[in-house]
Structures are given as structure tokens and as C-alpha cells.
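# Observations on the model geometry
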Amino acid sequence: MTPHFLPTLVNPPFGDPGVYVDFQFARRALLFDLGEIHRLGPRKILRLSDVCISHTHIDHFIGFDLMLRIMLGRDMALRLFGPPGILGQVEHRLASYSWNLIQSYPTEFVITVTELHPDGSGVRARFSSRRVFAREAEERFRFQDGVVHEEENLRLRVAFLEHSIPCLAYAFEEKLHVNFMKNHLAELGLPVGPWLSEVKRAVLRGEPDDTVVTAAHPGADEGRSFTIGQLKEKVLQVVPGEKIAYVTDTAFTPDNRRRIVELARDADYFFIEAVFLDVDAERARERAHLTARQAGDLAREAGAARVIPFHFSPRHLGAEDELRREVAEAFAGR
């Protein structure tokens, strides 16, 4: 299956938490957490369409200013999701600067902030450079089953975890993964062209298998007709989509454990904090963090395909191999 997304840690595992998800076939990217982001560089930051904040401890939010500086002066729209209080925090960050020159810019940079609450309610508002980043278009809404954003074939889901304050875990998933097998297209003498995109959209909309589509060369008036069912048999692969889960800064409690496992179920990539070694389990409990062994256990329970640990405590500098070993052994059930 050709991957559509490339998720990578923003920093080494002892650095600020964050995962950058690059869209392989679109000019956009998604970012989980907004700590130190210098390593991304301007080109990658300018690809961002969505930023998902777990909570606003400084190592998860200090990168907001660098992102803002790079995006200013450009026609851009950014969605930002976060926990209770995020709307006011973004508003205050924006208000801390003098914007007397910004209305002379010919461009518009808009941030749409979505604040989420554990009771399934949310509030959303816009901040536009054209109106000196005043809060506007505020609306309240409700969300179900943790789904806070949905596109034709993409879904963003959250779970609320306890870290002394509410902390959001995220799962970003493709609803279906639709691939065309180019060698089979060639064997049937079928052209590559816009008709393939139309077929893909029809499959994603759930059109019935007896729906007729036309395979035609670009610009041609006529082509060969097939049903979607025939194409599925001959040239289409339709499988469950990719899923990326992100969990950080959470206590190892029964409720958190259940919510994490449900959210990350069958994830292709499970990014999870592994702050302390198992020998420091009591310290982890006091600080509302996970140990490496607990992280591996959660990834195994969730049935994740792979686990990527991060957010290692500086206390364990020099013990990176041991932290990774504990995660791997727990993940393998040893």
C-alpha cells in the first residue's frame, strides 16, 4: 500500500514533544503539539494546515510565536485545535504584539481556533490579520465520539486524558485507502487521467458497485465504461486507511488507559511518551507521566502496528537504549 502520510518526530526524543505529518500527495501538513519547532524550518512550517495542541505547558506551545512570524505576510489559513482555555491563550498571544502596520499588508493570514471540552462541547473563533487579529465569528458546537474535524476522506478524533489538567490525545486517520494498480491499468489499456480521481471520489462517497464510470483519455469525448465493482476486481485496491495516534503527558490511570487504547486501536503509527524507566514508576505516577514499560503495554493493547516512543526525561540522559528496550519488550509482550 502506497503511504499517503509521512509522520516524523519534530525533535530527538529528549527534546520538546511534537510530530509532523507530511501529506505525500498534497501541499499540506499537520502538526501535533507546538513546542520548539526550529528544526522543521520555514518550508515545512509553511505547509501546515492544521495544528493539534495537547495542552499548553511551555514545551508544547512555545513554538506558536515562531510559526506566527513565518506565516505573517502570506495568504494562509490555519486551523488550530486545543484544550479548554486555548481560545483565550491564542487571543492573548496575538494581543501581546503591536499590529499598527499589519493592515497595510496585501495578504490575509487567518487562524481558526477550536477549543474542545471534555463534555463534548466546543467553541470556535477566527483571528484575521486584516482585522488586527480581533476575535470574530465565534460559534459554539458539539462533537460526538471524539470526532472534531472531518473531510471527504480524513478524520481527526480526540480523547481527553488527565495530566493534572485536561490533556488531549489525537488520532488522525484516513477513512479508506484507495489505490490504483498502474500495471493492471496498463494491461487493460486504460489511460491515466482525471477519471481516476472521479472514481476515487465515488468510492469514498460510498457509491454502489453498479455505478457506471467512463475511462477516457484527457480531452476525449468517449471512453470505455465500467462499473465500480468491475474496477475493484481489476484495478482498484480499497483497504482501511492509515491511522496515526499521538499520546503525551498523561497519568497511567484506568480511565486514561481505556481512552488511550480506544483512541489508538489498530494505529499504523503510535507515537507515545515514555518519560521514565520502569524503576521510576512512582515518580511517573507523581508527575502524571508514563513509564517506558507502560507505553509499550498500551501500544500492545491497542494493537498498533508500530510504536514510536518520545518525550524521554532528561533524568535518563545516557539511558536512551534502556528506555527503548523497555518499550520494545512490553510491546512484544515480554
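Just above sits the structure.
Residues numbered from 1 in each chain as written. Predicted model: local features only at pLDDT ≥ 70, side-chain atom pairs only at ≥ 80, totals over all residues. Heavy atoms only, no water.

All right, on to the nonpolar core then. One recurring pattern in soluble globular proteins: nonpolar side chains tend to sit buried together. In this structure, Leu-31, Leu-48, Val-51, Phe-64, Met-67, Leu-80 and Val-90 are the most contacted members of the largest nonpolar core, which totals 33 residues. Contributing elements (two or more residues each) for this core: strand S3 (29–32), strand S4 (48–52), helix H3 (64–71), strand S5 (76–82), helix H4 (86–95), strand S6 (109–116) and strand S7 (121–128). The element contributing the most residues to this core is H3, with 5 residues. Excluding its chain neighbours within four sequence positions, the residues that come into contact with Leu-31 are Val-10, Val-19, Tyr-20, Ile-37, Leu-40, Leu-48, Asp-50, Val-51 and Cys-52. One finds Ala-267, Ile-272, Leu-290 and Leu-323 within the second-largest nonpolar core, a separate group that totals 27 residues. (Core = buried A, V, L, I, M, F, W, Y, C linked by side-chain atoms within 4.5 Å. Buried < 20%, exposed > 50% of the residue type's maximum accessible area, 1.4 Å probe, protein only. Helix = DSSP H or I, 4+ residues; strand = E, 2+ residues; numbered from the N terminus. Contact = heavy atoms within 4.5 Å.)

Our next topic: the sheet that holds strand S18 (residues 307–310). Two strands in a sheet stick together by hydrogen bonds in their backbones, pointing the same way (parallel) or opposite ways (antiparallel). In spatial order, the strands read S9-S10-S11-S16-S17-S18; together these 6 strands make up an open sheet with mixed pairing. The outermost strands of the open sheet, each flanked by one partner alone, are strand S9 (147–150) and S18. Between one strand axis and the next, the sheet turns through 15 degrees on average, direction left out of account. Most of the contacts of helix H8 (residues 254–264) go to strand S10 (residues 154–162), to which it runs at about 170 degrees, and overall it touches S10, strand S11 (166–174), strand S16 (243–247) and strand S17 (269–273). (Pairing = 2+ DSSP bridges. Axes fitted to C-alpha atoms, helices over the stretch in contact; angles between N-to-C directions.)

Time to look at the sheet that holds S5. Pairing is mixed in the open sheet, where 8 strands are placed in the order S1-S2-S3-S4-S5-S6-S7-S8. Of all the strands in the sheet, just strand S1 (5–9) and strand S8 (135–142) have a single pairing partner and so form its edges. Strand-to-strand, the axes of this sheet are offset by a mean angle of 15 degrees, without reference to chain direction. In terms of strand pairing, S6 meets S7 through 7 bridges, oriented antiparallel. Residue pairing for S7: Glu-115 is matched across the bridge by Val-123. Contacting S4, S5 and S6, H3 crosses the sheet at an angle of about 165 degrees to S5.

To continue, consider the state of the cysteines. Scanning the model with the defined rule gives 0 disulfides in all. With no disulfide of its own, Cys-167 lies 13 Å from the sulfur of Cys-52, the closest cysteine sulfur. (Disulfide = S-S within 2.5 Å.)

Now for the side chain of Thr-291. For Thr-291, the location among the structural elements is in the loop between helix H9 (281–287) and helix H10 (292–302). The contacts of Thr-291, once residues within four sequence positions are left out, are Ala-274, Phe-276, Leu-277, Asp-278, Ala-281 and Ala-284.

The next point concerns the packing of H10 against helix H11 (residues 320–331). Closest axis-to-axis distance for the H10/H11 pair is 7 Å, and the angle between their directions is 30 degrees. In terms of orientation, H10 and H11 fall into the roughly parallel class. Between H10 and H11 lies a crossing whose hand is right-handed. Residues Ala-292, Arg-293, Gly-296, Asp-297, Ala-299 and Arg-300 of H10 pack against Leu-323, Glu-326, Val-327, Glu-329, Ala-330 and Phe-331 of H11. Class assignment for the residues of the contact of H10 with H11 results in 6 nonpolar, 1 polar and 5 charged. (Parallel < 35°, antiparallel > 145°, perpendicular 65-115°, else oblique. Left-handed = near helix turned anticlockwise from the far one by under 90°. Nonpolar A, V, L, I, M, F, W, Y, C, P; charged D, E, K, R; others polar.)

Take H8 next. All of the buried residues in H8 are Asn-256, Ile-260, Val-261, Leu-263 and Ala-264. When H8 is viewed along its axis, its buried side chains cluster within an angular range of 165 degrees and face the same direction. With respect to the buried face of H8, the exposed residues turned more than 90 degrees away are Pro-254 and Glu-262. Of the surrounding secondary structure, the elements contacted by the buried residues of H8 are S10, S11, S16, S17 and H10. In the segment just after H8, Asp-266 is the residue with positive phi, at about 60 degrees. (Arc of directions from axis to C-beta.)

The next thing to look at is the pairing of S17. Burial runs high along S17: 5 of the 5 residues are buried. Of the two faces of S17, the one holding Tyr-269, Phe-271 and Glu-273 and the one holding Phe-270 and Ile-272 are both buried throughout. Note: S16 against S17, 4 bridges, orientation parallel. Paired with Ala-245 across the bridge in S17 is Phe-270. A crossover connection joins S16 to the parallel S17 through H8; in handedness this β-α-β unit is right-handed. Here 4 bridges tie S17 to S18, and the two strands are oriented parallel to one another. Looking across to S18, one finds that Ile-272 is bridged to Pro-309. (Right-handed = clockwise from strand over helix to strand, strands pointing away.)

Before going further, it helps to examine the packing of aromatic side chains. Note on aromatic pairs: each is described by the distance of the centres and the angle between the planes. Summed over all chains, the structure comprises 11 aromatic pairs. Relative to Phe-133, the ring of Phe-109 lies with its centre 6.3 Å away and its plane at 80 degrees, an arrangement referred to as edge-to-face. With Phe-109 in strand S6 and Phe-133 in the loop between S7 and S8, this pair connects stretches of sequence that are 24 residues apart. When its relative accessible area of 4% is taken as the criterion, Phe-133 is described as buried. (Phe/Tyr/Trp six-rings, centres within 6.5 Å; stacked < 30°, edge-to-face > 60°.)

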